[in-house]
Amino acid sequence: MSESHIELRQKRSLTDVINATFGFIRANVRIIAKTLAFIVGPVAFLSLAAGLFLTVSLDISNADRILQDLSSGYILGMIGAGAIVLVVTTVAGFLLTVATVSIVRLYDEHGPGAIALDDVWGEMKTHGPTLLLIAVMVFFALVLPYPLQLIPCLGPIVYLAWALYAQTVFTITYSVCVFEQKSGWSAFQRSRELLRDHFWQSLGVYLIANFLAQILAAGASLPAGVASFIAAFFAWGDETTSQSIAVAVGAFYAVLVLVGVALLMITIIAMSFQYFNLVERREHAGLRQRVEEMADRAGVPDPVSSANAPDRRREDTEVHTETDPPVEAQDKGSLEPPHLGEEDDGDSGPDRWRRSDTDAT
């Protein structure tokens, strides 16, 4: 099956970015599936196990006991299990982010169909520490201003606005770290510079990509939700089947978490395309690269060497002037009459003809 190459460094509208995102996923579905199964999957499975433990330990057929039996540590156990789910899900999401940006970089280098799982893992080890620093910055950027939500009326609005801004900037920062070899604050500043004139388009890409990911996650987890609902409906009120209800609900929760983590890839890929879009609009790097490639195929001389050609001609002229005497000087030297008595015997020039006439008389 032939796969057409998707140009990364290209100006795109919001709609074009979303279309390119799904085209990229279709072109790299095999390596994406392998990455999810062998790299992100094992970590995400821990989230599945923790979610099952959380819901199995919750006897949803006897909710009154949960509220009354606070002294037995039952609630603390639930909180602990929930914390495990949150931590493991966060780690899985970070691994997926690093893997996704690594796949985009390898695609830029090798093209479609030429990416191996070992290459993805190697890229993840290379860029993982740098992206971990960005992830820590994102965490503090979202957690430290969280008390703003306690302010009546305007507090939640202000925090939501800041959270959207921070998520948009930092998601672009991941691509800056990988493709421009920047890290930390310098990568964040570079992202802000790129977003200076195109923030609203970038925010639109982020929101639409997240919305589509949520819609797809809901659709993918719908069968598990229906099965869980049916199992809970027929087993509700039966104490002997309370564990079955918990397992069904836990399975639904785990599928929802796993699918949500996997579909995070849509947002990361979309923002990677938006990064290239911003760079192209600001610096025209892709256009220059394509012009140079066309010039190389057509055999056109390098523009830099062509621009320096007049300087080389001027230098050659100066060297020629220093080594060779002027033409005027050569002509004057050749027209000077010879001095009599030195090398000439007097029989040259007009005197020779006058002497010939005298001798004849």
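Residues numbered from 1 in each chain as written. Predicted model: local features only at pLDDT ≥ 70, side-chain atom pairs only at ≥ 80, totals over all residues. Heavy atoms only, no water.

Caption draft 1: Just the overall build of the protein, in detail. Helix and strand content of the protein: 15 helices and 0 strands. Classification of the 361 residues of the protein by burial places 35% in the buried group. For the protein, contacts bridging at least 24 residues in sequence account for 76% of all contacts bridging at least 6. Carbon together with sulfur atoms contributes 64% to the accessible area of the protein, which is approximately 21,600 Å² in total. (Helix = DSSP H or I, 4+ residues; strand = E, 2+ residues; numbered from the N terminus. Buried < 20%, exposed > 50% of the residue type's maximum accessible area, 1.4 Å probe, protein only. Contact = heavy atoms within 4.5 Å. Areas by Shrake-Rupley, 256 points an atom, 1.4 Å probe, with all protein chains shown as cover.)

Caption draft 2: Spatial organisation of the confidence of the model for the protein. Averaged over every residue, the pLDDT of the protein is 75; residues scoring 70 or more account for 61%. Considering only residues more than four positions removed or in separate chains, one finds that residues 304-310, a stretch of pLDDT under 50, has 2 contacts. Note on residues 352-358: pLDDT is under 50 here. Beyond four places in sequence and across chains, it has 5 contacts. (pLDDT = per-residue confidence, 0-100.)

Caption draft 3: Layout of the side chain of Gln201. Residue position: Gln201 is located in helix 8 (residues 199-235). Relative accessible area serves as the criterion here: at 17%, Gln201 is assigned to the buried category. Reaching out from Gln201, the side chain makes a polar contact with the backbone oxygen of Arg12 at a distance of 3.2 Å. In contact with Gln201, other than residues within four places in its own chain, are Arg12, Ser13, Leu14, Gln274, Asn277 and Arg281. (Polar contact = N/O pair within 3.5 Å; in protein donor to acceptor, adjacent residues only side chain to side chain.)

Caption draft 4: Region of the structure containing the packing of helix 5 (residues 117-143) against helix 6 (residues 154-180). Put simply, helix 5 and helix 6 touch, their axes get as near as 10 Å, and they point 170° apart. As summarised for this structure, helix 5 and helix 6 are arranged roughly antiparallel, according to the angle between their axes. Where helix 5 approaches helix 6, its residues His127, Thr130, Leu131, Ile134, Ala135, Met137, Val138, Ala141 and Leu142 are matched on the opposing element by Tyr159, Trp162, Ala163, Ala166, Gln167, Phe170, Thr173, Tyr174, Cys177 and Val178. Of the residues belonging to the contact of helix 5 with helix 6, the class tally is 15 nonpolar, 4 polar and no charged. (Axes fitted to C-alpha atoms, helices over the stretch in contact; angles between N-to-C directions. Parallel < 35°, antiparallel > 145°, perpendicular 65-115°, else oblique. Nonpolar A, V, L, I, M, F, W, Y, C, P; charged D, E, K, R; others polar.)

Caption draft 5: Spatial organisation of the packing of helix 6 against helix 10 (residues 264-283). Viewed as axis vectors pointing N to C, helix 6 and helix 10 meet at an angle of 70°, and their least axial separation amounts to 9 Å. With respect to their mutual orientation, helix 6 and helix 10 come out roughly perpendicular. For the pair helix 6 and helix 10, the contacting residues are Thr168, Thr171, Ile172, Ser175, Val176, Phe179 and Glu180 in the first and Ile268, Met271, Ser272, Gln274, Tyr275, Phe276, Leu278 and Val279 in the second. Its residues assigned to classes, the contact of helix 6 with helix 10 shows 9 nonpolar, 5 polar and 1 charged.

Caption draft 6: How the structure looks around the layout of surface pockets. Of the pockets and cavities examined, the largest pocket occupies roughly 1,100 Å³. Listed by contribution, the elements that provide at least two residues to the lining of the largest pocket are helix 4 (74-110), helix 5, helix 6, helix 8, helix 9 (242-262) and helix 10. In terms of residue class, the lining of the largest pocket is built from 21 nonpolar, 10 polar and no charged. (1 Å grid on protein atoms, 1.4 Å probe; cavity = no way out; pocket = protein on both sides within 12 Å on 5 of 7 lines; lining within 4 Å. Points joined across faces, edges and corners; volume = space filled by probe spheres on them.)

Caption draft 7: Representation of the nonpolar core within the structure. Of all hydrophobic cores here, the largest spans 66 residues; its most connected members are Phe24, Val120, Phe273 and Tyr275. No other element matches helix 4, which puts 12 residues into this core. When residues no more than four places from it in sequence are discounted, the contact partners of Phe24 are Ile6, Ile103, Val104, Tyr107, Ile269 and Phe273. (Core = buried A, V, L, I, M, F, W, Y, C linked by side-chain atoms within 4.5 Å.)

Caption draft 8: Region of the structure containing the pattern of salt bridges. One pass over the full model with this rule turns up 6 salt bridges. Residue Arg9 is joined to Asp108 by a salt bridge in which the shortest nitrogen-to-oxygen separation is 2.7 Å. Here Arg9, found in the segment before helix 1 (14-27), pairs with Asp108, found in helix 4; they are 99 residues apart in sequence, far enough to count as distant. You can call Asp108 partly exposed: its relative accessible area is 28%. (Salt bridge = Lys/Arg side-chain N within 4 Å of Asp/Glu carboxyl O.)

Caption draft 9: Region of interest: unusual backbone geometry. Notably, Cys153 is not glycine yet its phi reads approximately 65°, a positive angle. By the element assignment, Cys153 lies in the loop between helix 5 and helix 6. Phi at Gln181 is positive, roughly 55°, even though this residue is not glycine. Following the sequence through the fold, Gln181 ends up in the loop between helix 6 and helix 7 (184-194). Judged by its relative accessible area of 61%, Gln181 falls in the exposed class.

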